[in-house]
Structure formats: C-alpha cells, structure tokens
Amino acid sequence: CCETNLGNYYQTGNCYGVPSFLLDDCSVLCSATGYVDKVSPLKTANLNMINSFLSLGNNNHVGLIAYNTEVISIMSSDLTSDQNVLNNIVNSWEAKDSTCFCCAINEAKTRMLAQSQNTNKIFVLMSDGLPTDKCGGSDATADAIASAQAAMSEIPGLIIHTIDVGTDSQILRD
C-alpha cells in the first residue's frame, strides 16, 4: 500500500523493500486510505503454526506453498523440519492481487504425495481473500472446492483446515 510522493516505491500489502526514510510516508498513506494489513496476521499465524507443529516432535514436517495467480516456487518449500528455513520463507511473503486456491491445493497435493510417507496428512489453507483465479473450470470457488475434493480422494485420511483473515474470505468458512 506504499506509494510515496517521490515515486518508484509502490507495494500492496506492506512497506517491505521501501527505504527506511520513506516508511513514515507509507504508513501515513496507508492509514489515510483505510488500508488494512492482512498479510502480517497471516504471517504471524503461519509462524505460530510452524513453530508449534515442529515443537511437537514426532518427526513432523511442514511444507509451504505460496500463491497468487499461480504457485510461487521461490517462496514455497518442500516438506522439511528446518524451522529457520520455513520462518525465512514466511517472512519473505508479500501480498499480491490474486488468490488461486486451486493452484495451491493442487501443488500441495502433488508435493504431499511425492514427499510424505506419514499416515497423518494435513493441509492448512490460509488466505486473506476469496479465490479469484481458476484452474480450468468456469468458477474460481468451484475450482478450489474441486481441487480440495480431489486431494481428499487421492490422499487417504487427508484433513484440510482453513484459516482466513479478513471479511472478504467467506469461502473459507463455507
């Protein structure tokens, strides 16, 4: 949400990457426009989940799938128990303008099938908005539901949890 009168600094979601001398300008602009930062609570939720889950031991592993219009591989992680790697990835995330749930679910299914031998498998889908991008169907929400149903049928015992931040993410509650 940062756009300064000096130009060249615009980013939706936060002021990351903006020089420190411009952060005050960004904060003022963000609050003046009614901007709501939904990325920070998602990051906090992910960090808490990772740290809690890995602290349980039991050979637990966590994988991360970053997504907007598609999966962002460089900001994702295969299954690992390396808490520092996972935390660094989460802290690198930034908000963008699209939400492709089906992309994330399909990628998580592919990685889970290839990498996990554990009997307990859980997806946690976190988002700050409604699905906006499709995976071949005619409706983004229907594609997300179809992807979740396909994952559940292909991965025996799979449990999918959803966590949403913001009032525009009702689909996660439905």
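Residues numbered from 1 in each chain as written. Predicted model: local features only at pLDDT ≥ 70, side-chain atom pairs only at ≥ 80, totals over all residues. Heavy atoms only, no water.

## So, the overall build of the chain
What the chain contains, in helices and strands, is five helices and six strands. When the elements of the chain are put in sequence order from the N terminus, they spell out β-β-α-α-β-β-α-α-β-α-β. For the chain, buried positions account for 40% of its 174 residues. Summed over all atoms, the accessible surface of the chain reaches about 9700 Å², with 51% contributed by carbon and sulfur. (Helix = DSSP H or I, 4+ residues; strand = E, 2+ residues; numbered from the N terminus. Buried < 20%, exposed > 50% of the residue type's maximum accessible area, 1.4 Å probe, protein only. Areas by Shrake-Rupley, 256 points an atom, 1.4 Å probe, with all protein chains shown as cover.)

## What about the packing of helix α2 (residues 39–55) against helix α3 (residues 83–92)?
Two packed helices can be described by the angle between their axes and the distance between those axes. Where α2 contacts α3, the two axes come as close as 9 Å, and the packing angle between them is 170°. Regarding the angle of α2 to α3, the classification is roughly antiparallel. In this structure, α2 contributes Lys 43, Asn 46, Leu 47, Ile 50, Asn 51 and Leu 54 to the contact, and α3 contributes Gln 83, Leu 86, Asn 87, Val 90 and Asn 91. Taken together, the residues of the contact of α2 with α3 break down into five nonpolar, five polar and one charged. (Axes fitted to C-alpha atoms, helices over the stretch in contact; angles between N-to-C directions. Parallel < 35°, antiparallel > 145°, perpendicular 65-115°, else oblique. Contact = heavy atoms within 4.5 Å. Nonpolar A, V, L, I, M, F, W, Y, C, P; charged D, E, K, R; others polar.)

## Quick look at the packing of aromatic side chains
Inspection of the entire model under this criterion finds one aromatic pair. Here Tyr 67 and Phe 101 contribute two aromatic rings whose centre-to-centre distance is 6.2 Å and whose plane-to-plane angle is 85°, an arrangement assigned as edge-to-face. Remark: Phe 101 occurs in helix α4 (residues 101–115) and Tyr 67 occurs in the loop between β3 (62–64) and β4 (77–80); sequence separation between them is 34 residues. (Phe/Tyr/Trp six-rings, centres within 6.5 Å; stacked < 30°, edge-to-face > 60°.)

## Some points on the environment of Asn 88
Structurally, Asn 88 is set in helix α3. As a C-alpha pair, Asn 88 and Met 75 span 13 residues in sequence and 9.4 Å in three-dimensional space.

## Notes on the pattern of salt bridges
Pairing between side chains becomes possible if they bear opposite charge and their charged atoms approach one another. In this structure the tally under the stated criterion is three salt bridges. In this structure, Asp 78 and Arg 111 form a salt bridge, with 3.1 Å as the shortest nitrogen-oxygen distance. Taken together, the positions of Asp 78 in strand β4 and Arg 111 in helix α4 put the pair 33 residues apart, joining distant regions of the chain. Arg 111 is the salt-bridge partner of Glu 107, the closest N and O atoms lying 2.7 Å from each other. Taken together, the residues Glu 107 and Arg 111, both in helix α4 and four residues apart, mark about one turn of the helix. Residue Arg 111 is classed as buried on the basis of its relative accessible area of 14%. A cluster of three or more residues bridged by salt bridges with shared partners is formed by Asp 78, Glu 107 and Arg 111. (Salt bridge = Lys/Arg side-chain N within 4 Å of Asp/Glu carboxyl O.)

## Comments concerning the side chain of Thr 80
Tracing the sequence through the fold places Thr 80 in strand β4. For Thr 80, a relative accessible area of 18% corresponds to the buried category. Each residue touching Thr 80, except ones within four places of it in the same chain, is listed here: Leu 54, His 61, Val 62 and Leu 86.

## Here we look at the confidence of the model for the chain
Of all residues in the chain, 72% attain a pLDDT of 70 or more, and the chain-wide mean is 77. Every residue in residues 1–13 is under pLDDT 50, and counting partners more than four places away or in other chains gives 38 contacts. Predicted confidence for residues 31–35 stays below pLDDT 50, and this span has four contacts to residues more than four positions away or in other chains. (pLDDT = per-residue confidence, 0-100.)

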